[in-house]
There are 2 protein chains.
Amino acid sequence: MTKINTKTLKGFRELLPAEQMAFNKMLAVIKNTYELYGFMPLDTPILERAEALLAKAGGETEKQIYQFTKGKTDYAMRFDLTVPLARYVAEHERELAFPFRRYAIGKVYRGERPQAGRLREFYQCDIDIIGKGELHLTADAEIPSIIHTIFSQLLPTPFTIKINNRNVLNGFYDSLGVDKVATMRIVDKLDKIGKSGVKGELTSIGMAQDKIDTILAFSEITGTNAEILERLNTLTIDNEQFKTGLAELSEVASDITQIDLSIARGLDYYTGTVYETTLDEYPQVGSICSGGRYNDLATTYTSSVLPGVGISIGLSRLFDQLKTLDLLKLGASTPTRVLIVPLADGADVAAMELAKDLRNNTIPTEVSATNKLDKAMKYANKLGIPYVVIIGDDELAQSKYTLKNMQTGEQEALDKGQILSTILADWQKCN
Amino acid sequence: MTKINTKTLKGFRELLPAEQMAFNKMLAVIKNTYELYGFMPLDTPILERAEALLAKAGGETEKQIYQFTKGKTDYAMRFDLTVPLARYVAEHERELAFPFRRYAIGKVYRGERPQAGRLREFYQCDIDIIGKGELHLTADAEIPSIIHTIFSQLLPTPFTIKINNRNVLNGFYDSLGVDKVATMRIVDKLDKIGKSGVKGELTSIGMAQDKIDTILAFSEITGTNAEILERLNTLTIDNEQFKTGLAELSEVASDITQIDLSIARGLDYYTGTVYETTLDEYPQVGSICSGGRYNDLATTYTSSVLPGVGISIGLSRLFDQLKTLDLLKLGASTPTRVLIVPLADGADVAAMELAKDLRNNTIPTEVSATNKLDKAMKYANKLGIPYVVIIGDDELAQSKYTLKNMQTGEQEALDKGQILSTILADWQKCN
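Computed from a prediction, not measured in an experiment: that's the story for all the values here.

Analysis parameters
- Residues numbered from 1 in each chain as written.
- Chains lettered and ligands numbered in written order.
- Predicted model: local features only at pLDDT ≥ 70, side-chain atom pairs only at ≥ 80, totals over all residues.
- Heavy atoms only, no water.
- Salt bridge = Lys/Arg side-chain N within 4 Å of Asp/Glu carboxyl O.
- Helix = DSSP H or I, 4+ residues; strand = E, 2+ residues; numbered from the N terminus.
- Pairing = 2+ DSSP bridges.
- Core = buried A, V, L, I, M, F, W, Y, C linked by side-chain atoms within 4.5 Å.
- Buried < 20%, exposed > 50% of the residue type's maximum accessible area, 1.4 Å probe, protein only.
- Contact = heavy atoms within 4.5 Å.
- Buried area = accessible area lost by both parts, 1.4 Å probe.
- Polar contact = N/O pair within 3.5 Å; in protein donor to acceptor, adjacent residues only side chain to side chain.
- Least-squares fit on C-alpha atoms with pLDDT ≥ 70 in both.
- pLDDT = per-residue confidence, 0-100.

Peer 1: I'm lost on the pattern of salt bridges in this one. Help?
Peer 2: Oppositely charged side chains are able to pair whenever their charged atoms sit close together. If you walk through the whole model with that rule in mind, you get 44 salt bridges over all chains. For Glu201 of chain A, the salt bridge goes to Lys189 of chain A, with nearest N and O atoms at 3.0 Å. Taken as a pair, Glu201 of chain A in helix H8 (residues 190–204) and Lys189 of chain A in the loop between helix H7 (180–187) and H8 lie far apart in primary sequence, 12 residues in all. Among the charged side chains, a salt-bridge network with shared partners connects Arg101 and Glu142 of chain A together with Arg359 and Glu366 of chain B.

Peer 1: Could you clarify how one ought to interpret the sheet that holds strand E11 (residues 308–313) of chain A in this entry?
Peer 2: Note: strands within a sheet are paired through backbone hydrogen bonds, in either parallel or antiparallel orientation. Residue and element names in this part refer to chain A. Read from one edge of the open sheet, eight strands run E1-E5-E6-E11-E10-E9-E7-E8, paired in mixed fashion. This sheet does not close on itself; its edge strands, each paired only once, are strand E1 (40–41) and strand E8 (258–259). Direction of pairing for strand E9 (residues 273–279) relative to strand E10 (residues 289–294): antiparallel, over a ladder of two bridges. Bridge pairing links Val274 to Gly292 in E10.

Peer 1: Hey, could you run me through the nonpolar core in this one?
Peer 2: For soluble globular proteins, the rule of thumb is that nonpolar side chains tend to be buried together. Counting residues in each nonpolar core, the largest one holds 74 residues, and the members touching the most others are Tyr34, Phe151, Leu155, Phe218, Leu232 and Leu315 of chain A. Per-element tally for this core: the top contributor is helix H1 (residues 17–36) of chain A, with eight residues. With residues near it in sequence (within four places) discarded, Phe151 of chain A still touches Phe159, Thr277, Ile288, Cys289, Ile313 and Leu318 of chain A. Formed by 73 residues, the second largest nonpolar core is a distinct cluster that contains Tyr123, Tyr173, Leu246 and Leu249 of chain B.

Peer 1: Honestly, the interface of chain B and chain A in this entry has me stumped. Any pointers?
Peer 2: It is common to report an interface's size as the accessible area lost on association of the parts. Each side of the interface is counted separately: chain B has 92 residues, and chain A has 92 residues. Counting the surface lost from both chain B and chain A, the interface buries some 7900 Å², and carbon and sulfur atoms represent 59% of this. At the boundary of chain B with chain A, the tally comes to 12 salt bridges. One salt bridge in this structure joins Asp43 of chain A and Lys107 of chain B, with 2.9 Å as the shortest N-O distance. Our count for the contact surface shared by chain B and chain A stands at 44 residue pairs in polar contact (both at pLDDT 80 or more).

Peer 1: When you look at unusual backbone geometry in this model, what are you seeing that I'm missing?
Peer 2: Leave glycine aside and you will find that most residues have negative phi; peptide bonds, for their part, are mostly trans. With an omega dihedral of -5°, the bond running from Phe98 of chain A to Pro99 of chain A counts as a cis peptide bond. Structurally, the position occupied by Pro99 of chain A is in the loop between helix H4 (82–92) and strand E5 (100–109). Phi angles above zero are rare outside glycine, and Ser399 of chain A is one such case at about 55°. Assignment of secondary structure puts Ser399 of chain A in the loop between helix H15 (393–398) and strand E15 (401–405). Backbone geometry places Thr362 of chain B, a non-glycine residue, at a positive phi of 65°.

Peer 1: Would you mind going over the relation of the copies chain B and chain A with me for this structure?
Peer 2: Between the two copies of the chain lies a relationship made up of a rotation around an axis and a movement along it. The transform that puts chain B on chain A rotates by 180° and translates by 0.0 Å along the axis, for an RMSD of 0.0 Å. Such a turn and shift between the copies fits a two-fold axis. Minimal C-alpha separation from the rotation axis in chain B is found for Phe68 of chain B, amounting to 3.1 Å.

Peer 1: Can you walk me through the confidence of the model for chain A in this structure?
Peer 2: Caution applies to low-pLDDT parts of the model: their predicted coordinates are not meant to be read in detail. Within chain A, residue pLDDT values average 93, and 98% of them lie at 70 or more. With a pTM of 0.95, the predicted complex shows an ipTM of 0.95.

Printed below as a string of structure tokens:
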């Protein structure tokens with residue numbers, strides 16, 4: 001009989017247990033940190049009304065969306081967590097308290113051509129703070145601390161939280177009287193085409209030489225936050241938007257951020273602070289956590305003005321990158337800390353009782369389904385279970401069980417209380 | 001400008017923050033218990049190859065499945081977590097350790113006609129223990145303890161874990177030489193059509209009167225587990241399958257289970273122990289957690305024999321039922337335990353520092369984005385935040401902040417250390 005293909009579809013993936021355990025630990029760090037900063041959970045449907053999801057999409061995005069019709073309904077699968085947030089806030093506006101601080105961790109779907117690092121189903125981990133009418137800058141200032149808390153735990157390699165402000169950029173370009181969008185698009189290529197390339201392209205759109213020089217000089221402003229802010233101040237640009245941006249940038253900058261005037265993050269969406277986070281030793285990875293301030297979340301759905309600030313971590317992609325860079329430390333394949341093996345006839349009850357005691361002390365415990373010692377040991381080794389308790393005939397008679405430390409290979413006969421305290425001490429070290 | 005419809009589609013739903021918090025707490029209890037019993041997490045794609053998902057489906061199930069084609073690929077959305085598990089185990093058989101104990105918590109999709117209690121997108125929370133070639137009965141015996149641990153925490157109302165064994169039923173019917181499937185289908189209606197109705201239907205399929213009497217007498221065996229087992233023993237039915245089933249039932253029965261010989265749980269899938277869990281005071285809710293033992297998980301995908309035992313909790317439905325029965329206690333709308341309000345000019349820094357101390361002690365904390373006290377208080381009240389710390393001019397000068405307990409209304413001036421210890425003591429009580 002021909003068996004059916006059991007591989008996942010291209011761009012979709014599933015992990016083996018040790019990887020899944022590592023992935024879930026990363027998810028837990030993100031979730032716990034988001035909650036520590038007082039964000040409330042939000043879980044919206046994966047399937048939405050197509051007209052609602054597609055309202056603002058178009059071009060490349062729209063082509064990537066999974067859409068279908070069933071019965072009389074046009075469905076679409078969400079392709080990010082921001083559009084559903086906008087719809088949710090518009091729908092429940094009167095029931096929510098503002099500023100509305102929500103986190104969302106879930107899968108999103110994009111039917112892109114699958115290639116290295118591109119998944120069609122992947123996790124996004126978002127936070128947003130949405131104000132009603134207004135949102136104080138303290139929200140922007142709080143974000144880097146959240147990013148820092150998360151990546152200090154997730155990454156075994158140094159990272160930098162880069163910030164910039166769109167008002168600074170827009171005000172600067174306005175003060176020069178140049179076409180903002182066209183100019184930014186060209187300056188954005190500085191990394192790729194170099195100074196002379198940018199110069200050439202700016203000349204070709206008819207920009208005067210002195211303006212080109214000013215723009216290139218601006219793009220070369222680097223240094224500590226204090227140095228950059230000082231330089232921006234001494235430019236004495238007489239433009240309100242620039243001044244606003246500079247004041248905002250000064251307030252958001254801190255010892256855990258690095259101002260980087262080259263960051264723009266797309267042309268349309270963000271209107272104030274912007275964030276990117278990069279790995280110092282692996283610049284090729286690009287930004288692992290990005291976001292920024294926007295003037296209005298939900299223009300498509302409501303006439304209320306809902307300014308917000310938010311960031312997104314693309315965890316599936318980050319996980320893959322860390323794996324590729326060999327920065328992912330895989331541990332056990334199971335939460336189980338103790339495997340109890342009832343070897344003796346009638347040891348089942350003793351095994352179940354010990355398991356109950358351990359679980360009552362929050363220690364993940366498994367009773368072996370086999371009474372063959374070599375098989376149980378092989379199982380514990382394969383899964384990375386740190387302790388095995390053996391209950392043989394002698395052990396049962398003396399009420400002392402053999403506790404084996406699977407890492408050191410040491411084993412000793414202990415009573416239940418001693419087993420519990422040994423494992424508990426070790427377990428608390430891990431948590 | 002016409003705004004777009006922001007309601008979720010019929011059969012799809014999203015929760016308000018206080019509900020979502022309550023739902024997530026329930027999810028966490030289930031997840032933590034599954035891990036405490038040594039189940040490893042598994043997260044398979046929501047979109048699968050249609051041919052893989054539909055291999056065993058048919059009739060009603062197939063009609064309900066969300067299917068579509070994009071490019072050259074036929075996609076289907078998973079409608080349960082068991083079919084993906086079977087596919088996963090077949091695909092990764094050589095990389096897994098057996099018995100393979102996995103839990104899966106995720107959304108599944110069924111395009112049913114939406115009606116009261118029927119969702120098209122809902123959470124299932126499954127565990128399965130899969131053996132290779134064989135699986136010891138200790139696996140079956142462990143399951144009720146897991147169910148008990150979970151629902152003792154989730155439910156404010158008494159529940160009963162009912163068990164039965166398909167070998168007992170099949171062996172009993174075989175010993176009578178009657179058509180098992182037809183008979184079970186009729187006996188299953190006992191609740192609805194009563195004893196005389198069952199008698200009539202069994203007669204109409206041509207069953208002899210003495211056999212009908214034997215079947216009805218069997219269905220009336222109730223009592224404590226010991227009493228039922230004793231009665232089954234005294235029937236002295238000479239059928240190997242019945243004897244096997246009786247031995248299995250005896251081993252799985254315990255002081256947290258109730259044998260119920262009327263439970264069959266469908267006709268095809270289960271082959272040994274079966275489980276149902278019901279609310280004693282609300283029988284109309286039906287089973288909130290069901291499952292059982294099966295001979296072979298993945299016949300469609302692999303020729304390996306993979307016996308298993310598993311259960312599933314339909315959490316979305318249970319949540320709705322508890323809500324309807326008014327058994328759902330809603331608490332806060334946010335994880336935030338402390339809202340810090342920097343009223344004084346320059347109190348922002350002090351607020352951020354205090355927030356950092358609290359967060360370092362794992363207390364979810366928020367710095368208010370407003371410096372208007374009444375607005376902040378209204379916000380804390382609406383979200384159910386238990387503590388507010390106010391940093392005004394006097395407070396800032398004296399380095400003593402006002403800690404207000406939002407439940408009692410009491411407030412006192414305390415230094416940072418005192419604030420921390422007060423809130424920490426309260427927080428530890430909650431956890």
